[in-house]
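Coordinates in review
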Amino acid sequence: MPHLGAKPGARKRARDIAGIYAAVLTAAAAVYILIKAGLFRFVCPFNAVTGLRCPGCGNTRAVLAVLSGDFYGACLNNLMFYPEAALLIFFIVYLPYIYITGRPFSRIAKVILTAGAVTAAAWWIVRNILNI
């Protein structure tokens, strides 16, 4: 029985989100296996077209480093990997929560999103000027 205050259809929305997460995790596991086997390689489309590094360039290698236990190596691949990962995790948890509960986007979430966007833009500029 849903708790008081739950919007109609919350269970269905929760099942939808669980299905999406299961599909994404399955695809991520398959991609990880292909990358580790040397059969697949990510190429940043932004870098391929412009020659500039995007704020996320190096994150695939950083994730692989973390999964191998090399937490310092993740920073070597992208200095902003951990803040970007924290922001991503926040929204992976928060967005389904507001979808399932039917609540509006909170003011603090808007501040976090804005701060993340400003930080990403600043990192994009700095990393291309300093070539890091």
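The paragraphs below set out a description of the structure included in this document. Owing to the predicted nature of the structure, the values given are computational and were not obtained by experimental measurement. (Residues numbered from 1 in each chain as written. Predicted model: local features only at pLDDT ≥ 70, side-chain atom pairs only at ≥ 80, totals over all residues. Heavy atoms only, no water.)

One non-glycine residue, Asn131, adopts positive backbone phi at about 60 degrees. Note that Asn131 resides in the segment after α6 (107-129). Here Asn131 falls in the exposed class, since its relative accessible area comes to 65%. (Helix = DSSP H or I, 4+ residues; strand = E, 2+ residues; numbered from the N terminus. Buried < 20%, exposed > 50% of the residue type's maximum accessible area, 1.4 Å probe, protein only.)

The first and last C-alpha atoms of α6 sit 33 Å apart over 23 residues, in line with the 33 Å expected at 1.5 Å per residue. Those residues of α6 that sit buried are Ala109, Gly116, Trp123 and Arg127. Turning to α6, the residues buried within the fold contact α4 (71-77) and α5 (81-101). (Expected span 1.5 Å × (residues − 1). Contact = heavy atoms within 4.5 Å.)

Scanning the model with the defined rule gives zero disulfides in all. A disulfide-free cysteine, Cys44 has its sulfur positioned 3.5 Å from the sulfur of Cys57, the nearest such atom. Cys54 forms no disulfide, and the closest cysteine sulfur to it belongs to Cys57, at a distance of 3.5 Å. (Disulfide = S-S within 2.5 Å.)

Everything listed is a geometric property; what it means functionally is a separate question.
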